[in-house]
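Residue-level structural notes
Take a look at the letters that make up each chain.
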Amino acid sequence: MAKSRTWHSLSEYNALRALMQAGTTTGAAHRLGVSQSAVSRSLASLENRFGTTLFERDAGRLRPTQEAVSLNRRLDPLFDALERIDGAPEPVQETLRLIAPPTYAHRFMVSLIGSFLTIHPHFYVSFEVNTSEEVIRGILDDRFDLGITGVEQTRSNLQMLPYRNSPAVCALPRDHALASRAVIRPADLDGERLIALTPRHARRGQLERLLHQAKAEPRLVAEVSTSFAAADLVREGLGLTVINPFPLYHYRSDDVAFVPFESPILYRNYFVTSASRSTPRIARAFMRHMRLNTPPDPFSSRG
């Protein structure tokens, strides 16, 4: 006996995507311009077809299951293709809500945003510079579509997409005695003037353990909250620092020497999106643009 064919319904898939964004059948119905019962019927039909629960009720809202998130991601190429087929004569201006910490934002991100908007003049970018903690909070609260961070997170409702990896480097004045070294080791920092990241950074504790093991006692002259500020103090001749070279190398290599630091410290840089909402087309386009247009450097590699 021939197997019955499974028919696909765009209206049902539209209902799924609207529910992912709105979180309620009322909100989804408003987005689609249909009745609430029509949305409920579409959801029931999808769950019956796939034989799984796609949404669970949580405090009055519909929380997507992993099956719903996975299905929604598989639908992205379909809806991208439909948008291209529709080909509206006047392109709709799409907005990317973007957030990144200061180290990424200054010069590096600004340049990439500029080239992105030149290629896509119908796109619009709303860009906020804030802490890595606020990057995570903003994505979770649906205030932003895309974030950039060097802080690893394991929350189930976050999607961390690898962007760049880089080992630790020692940044120091170009006329410093250690600047000509091929590599700098923890023991070499004994007695040196050190600019450190504040203790809230996980790498600060890792560096202190390495220095203790090497019996090195540098002289702490300043604590800063960002690698950007640490590199600026190095440029002023205040001392040296151990930091993530990406993306600082791209706009500080003329002013500051970057020397590999022998250690197990590895920095991972990520794109951050929501795991419970569909990633907007403009956010996916910007991630592709960054990956394709990030200039090479001696220290970082694609994640």
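Residues numbered from 1 in each chain as written. Predicted model: local features only at pLDDT ≥ 70, side-chain atom pairs only at ≥ 80, totals over all residues. Heavy atoms only, no water.

- The name an unreviewed UniProt entry assigns to the chain is LysR family transcriptional regulator, from the organism Lutimaribacter marinistellae.
- Recorded in UniProt under Sequence similarities (unreviewed entry), the annotation for the chain is "Belongs to the LysR transcriptional regulatory family." (UniProt positions renumbered as here; feature names shortened; annotations may be inferred.)

**What about the layout of surface pockets?**
- Estimates place the volume of the largest pocket at around 600 Å³.
- Forming the boundary of the largest pocket are 23 residues, of which Ser132, Gly150, Val151, Leu197 and His201 lie nearest the centre.
- Among the secondary structure elements, those contributing two or more residues to the lining of the largest pocket are helix 5 (102-119), helix 6 (132-140), helix 7 (202-213) and strand 12 (266-274).
- A total of three residues in the lining of the largest pocket trace back to one element, the largest contributor, which is helix 5.
- Residue composition of the lining of the largest pocket, grouped by class: eight nonpolar, eleven polar and four charged. (1 Å grid on protein atoms, 1.4 Å probe; cavity = no way out; pocket = protein on both sides within 12 Å on 5 of 7 lines; lining within 4 Å. Points joined across faces, edges and corners; volume = space filled by probe spheres on them. Helix = DSSP H or I, 4+ residues; strand = E, 2+ residues; numbered from the N terminus. Nonpolar A, V, L, I, M, F, W, Y, C, P; charged D, E, K, R; others polar.)

**A few points about the nonpolar core**
- In terms of nonpolar packing, the biggest core is built from 38 residues, with Leu96, Leu98, Phe108, Met109, Leu146, Phe286 and Met290 touching the most fellow members.
- In this view, Met290 contacts Phe108, Met109, Leu112, Ile148, Tyr163 and Phe271; residues no more than four positions away in its chain are not counted.
- Of all hydrophobic cores here, the second largest spans 20 residues; its members include Ala168, Leu211, Ala216 and Val242. (Core = buried A, V, L, I, M, F, W, Y, C linked by side-chain atoms within 4.5 Å. Buried < 20%, exposed > 50% of the residue type's maximum accessible area, 1.4 Å probe, protein only. Contact = heavy atoms within 4.5 Å.)

**Side note on the sheet that holds strand 10 (residues 241-243)**
- Pairing is antiparallel in the open sheet, where three strands are placed in the order 10-7-11. Because the sheet does not close on itself, it has two edges, and the strands there are strand 10 and strand 11 (256-260). Between one strand axis and the next, the sheet turns through 35° on average, direction left out of account.
- Relative to strand 10, helix 8 (residues 227-235) is tilted by about 150°, and along the sheet it contacts strand 7 (169-173), strand 10 and strand 11. (Pairing = 2+ DSSP bridges. Axes fitted to C-alpha atoms, helices over the stretch in contact; angles between N-to-C directions.)

**Some thoughts on the pattern of salt bridges**
- In total, this model carries 20 salt bridges according to the counting rule given.
- The residue Asp76 makes a salt bridge to Arg17 at a minimum N-O spacing of 3.2 Å. Remark: Arg17 occurs in helix 1 (residues 10-22) and Asp76 occurs in helix 4 (residues 66-86); sequence separation between them is 59 residues.
- Among the residues examined, Asp76 registers a relative accessible area of 9% and is labelled buried.
- One salt bridge connects Asp232 with Arg252, and the closest N-O pair in it is separated by 2.7 Å. Of this pair, Asp232 sits in helix 8 while Arg252 sits in helix 9 (residues 249-252), and the two are 20 residues apart along the sequence. For the pair shown, Asp232 and Arg252 are each scored as buried.
- Sharing partners across several salt bridges, the network here consists of Arg97, Asp142, Asp145 and Arg277. (Salt bridge = Lys/Arg side-chain N within 4 Å of Asp/Glu carboxyl O.)

**What about the pairing of strand 7?**
- Counting buried positions along strand 7 gives five out of five residues, so the element sits mostly inside the fold.
- In terms of strand pairing, strand 7 meets strand 11 through five bridges, oriented antiparallel. Paired with Ala171 across the strands is Phe258, a residue of strand 11.

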